[in-house]
2 protein chains.
Amino acid sequence: MREAIRRYLLERLPDPKAAPRPELAQYAQLLRDYPERGGKLLRGQLLLATAQAHGAPPERALPAAAALELFQNWVLIHDDIEDASEMRRGRPTLHRLYSVPLALNAGDALHAVMWRVLLEAAYPTPVLQEFARLVETTARGQHLDLAWIEAERFDLSPEDYLEMVRQKAAYYTAVAPLKLGALVAGHTPHPAFEPAGLQLGVAFQIIDDVLNLEGNPDKYGKEIAGDLREGKRTLILLRFLAAAPPAERARAEALLKTPPAEKDPAELAWLHARLRHTGAVAYAREVAHRLAREGLEALTPVLTALPDPEAGRTVLELLEALVEREA
Amino acid sequence: MREAIRRYLLERLPDPKAAPRPELAQYAQLLRDYPERGGKLLRGQLLLATAQAHGAPPERALPAAAALELFQNWVLIHDDIEDASEMRRGRPTLHRLYSVPLALNAGDALHAVMWRVLLEAAYPTPVLQEFARLVETTARGQHLDLAWIEAERFDLSPEDYLEMVRQKAAYYTAVAPLKLGALVAGHTPHPAFEPAGLQLGVAFQIIDDVLNLEGNPDKYGKEIAGDLREGKRTLILLRFLAAAPPAERARAEALLKTPPAEKDPAELAWLHARLRHTGAVAYAREVAHRLAREGLEALTPVLTALPDPEAGRTVLELLEALVEREA
């Protein structure tokens, strides 16, 4: 399934060998760089399995699955610029390999390829509208995340974090694949997809935040504790700050407000250790597992009552894999 | 006509006053910033008039015209980041007013709004495909422009410049409005639209390059000679370099290869004067007027033979205005 999505996607990107001039061969390489780095393609697989559960043949869902992965790729390119991230899937980020201008432009080109792929497949309008919606939702969440860092805001509650993550990550990671799977099969998405998908998508992001602090560097592919360097607001950090003695809170905030390149590695190591030893990481992991359990419980009866219940069970396994992962 | 497009566009952007939290009011302001700065909306007007010439009522073409202006706005936001531009329509660029991360993300959001507007209007697939095509074409041209600057290349011919500009600017400025005008009216675009539109669109860009050097600062809205500071390859510059004595060529190339912030203002003033006094600017203006004349000659019989020849003449006037302008 994953291989079929990857192949479909890569075949729709420009081929460096067919480029009429060397600069355009480079352009093709920029567009192919992130998609060729691999990745689990969990969102595309989720869409494909959901469509199958609703009775659609895989070839009908393949273009939408590839388009969702194209979305993921151009968003990562732009996010990596916005966050000044250094590593992605075990290699330097695209703007570090080339430059910010070339990477930004390549992201825009992949955004257009996403639409081209969807239009070639002649999907009905609700499928296309769901894509416009997921892009806008993600951008709104990303704005919250970035605005909090720039305004040096730490007066944020867990509910603020959840609101940001629902829009920035949960919607496109879990809600959109479920809805799109139904829509490409010509079905109306079940009303449970949105609330349960948001729970599972938030759980996915919290686990991502946990892995950023505790992941195995060989498997993780990004900089360990990069979120601390970038000053990201996570549930872990907000939990720690809420419970920390005033002196520790002040020390942590001073560090988080320092520009990434100027942060003292010893201070980063201190905060990293505090997040783990005060139970903030354990708390976040527990919240993630509770949300995932609730989401799966809500979806199990729905997905196993669809035309193809075996594919429905594959959807549930993929949703579980969002949370039970090491990278 | 212009006012109708602007109103339609602004009504489809988020309203800061309706935002559920202050950060999202800021998000709405970012999205509205460039569209609210005004501008001539020539591309939207061209699309609208072309649709009318083909017999479509204005309300049928209005969403596509607004979408084309949305394209122009998000592309300008991203271009201004890529070029490190300082001014846009008489005010600081969006990334200077806010930050690169917030401006980049706002550009992505406007790109999604563009598609939302098109989908709401329920246009047939060829209209949507033309939009995907114009985004990809522009990105390819932008890559050429940026790649030449980064590789410090000056071994470029006028034909290289024309190839870049056809993709980066001419296609979306003149070809796409003509084609989209026909498509929203349910017609097949006339085969003359592409070659003649490319001529007129290239003429538009050459005049833009000329205005960048000779424009009236009060009307122009961008930094005068900003192209020189950014090291842009223009027809004017390539013509000057091809004819310059070796010492002048070396002096100019050394300056152009210097990063924008480090360029000596006295050297910039020297090059600026040389471009004007060696006839390179006059040459480029002459090429622009020849291309515009040829394009208009090819389009006149086509546009005045359409169902509404008076609207066809408006299209010709708007195309002339692309070249006969002061800002």
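Definitions and limits used
- Residues numbered from 1 in each chain as written.
- Chains lettered and ligands numbered in written order.
- Predicted model: local features only at pLDDT ≥ 70, side-chain atom pairs only at ≥ 80, totals over all residues.
- Heavy atoms only, no water.
- UniProt positions renumbered as here; feature names shortened; annotations may be inferred.
- Axes fitted to C-alpha atoms, helices over the stretch in contact; angles between N-to-C directions.
- Helix = DSSP H or I, 4+ residues; strand = E, 2+ residues; numbered from the N terminus.
- Parallel < 35°, antiparallel > 145°, perpendicular 65-115°, else oblique.
- Left-handed = near helix turned anticlockwise from the far one by under 90°.
- Contact = heavy atoms within 4.5 Å.
- Nonpolar A, V, L, I, M, F, W, Y, C, P; charged D, E, K, R; others polar.
- Least-squares fit on C-alpha atoms with pLDDT ≥ 70 in both.
- Buried < 20%, exposed > 50% of the residue type's maximum accessible area, 1.4 Å probe, protein only.

The name recorded for chain A in an unreviewed UniProt entry is Polyprenyl synthetase, from Marinithermus hydrothermalis. Recorded in UniProt under Sequence similarities (unreviewed entry), the annotation for chain A is "Belongs to the FPP/GGPP synthase family." UniProt's Cofactor (unreviewed entry) comment on chain A is quoted here verbatim: "Mg(2+)".

**Structural notes on the packing of helix α6 (residues 100-120) of chain A against helix α6 (residues 100-120) of chain B**
The geometry of α6 of chain A relative to α6 of chain B is characterised by a closest axis approach of 11 Å and an angle of 20° between their N-to-C directions. With respect to α6 of chain B, the element α6 of chain A is oriented roughly parallel. Viewed along their axes, α6 of chain A and α6 of chain B form a crossing whose handedness is right-handed. In this structure, α6 of chain A contributes Leu104, Asp108, His111, Ala112, Trp115 and Leu119 of chain A to the contact, and α6 of chain B contributes Leu104, Asp108, His111, Ala112, Trp115 and Leu119 of chain B. Its residues placed into classes, the contact of α6 of chain A with α6 of chain B shows 8 nonpolar, 2 polar and 2 charged.

**A few points about the relation of the copies chain B and chain A**
Between the two copies, chain B and chain A, the superposition gives an RMSD of 0.0 Å; the rotation angle is 180° and the shift along the axis is 0.0 Å. On this basis, the relationship between the two copies can be described by a two-fold rotation axis. Most of the interface of chain B is mirrored in chain A: 100% of its interface residues are interface residues there too.

**Here's the deal with helix α1 (residues 2-11) of chain A**
Regarding α1 of chain A, the residues found buried are Ile5, Arg6, Tyr8, Leu9 and Leu10 of chain A. At its buried positions, α1 of chain A is contacted by α2 (22-36), α3 (42-53), α4 (58-82) and α6 of chain A.

**Quick word on the environment of Tyr283 of chain A**
Residues and elements named next belong to chain A. You can see Tyr283 is positioned in helix α15 (residues 280-303). The partly exposed category is assigned to Tyr283, whose relative accessible area is 22%. For Tyr283 and Ile77, which are 206 residues apart along the polypeptide, the C-alpha to C-alpha distance reads 31 Å.

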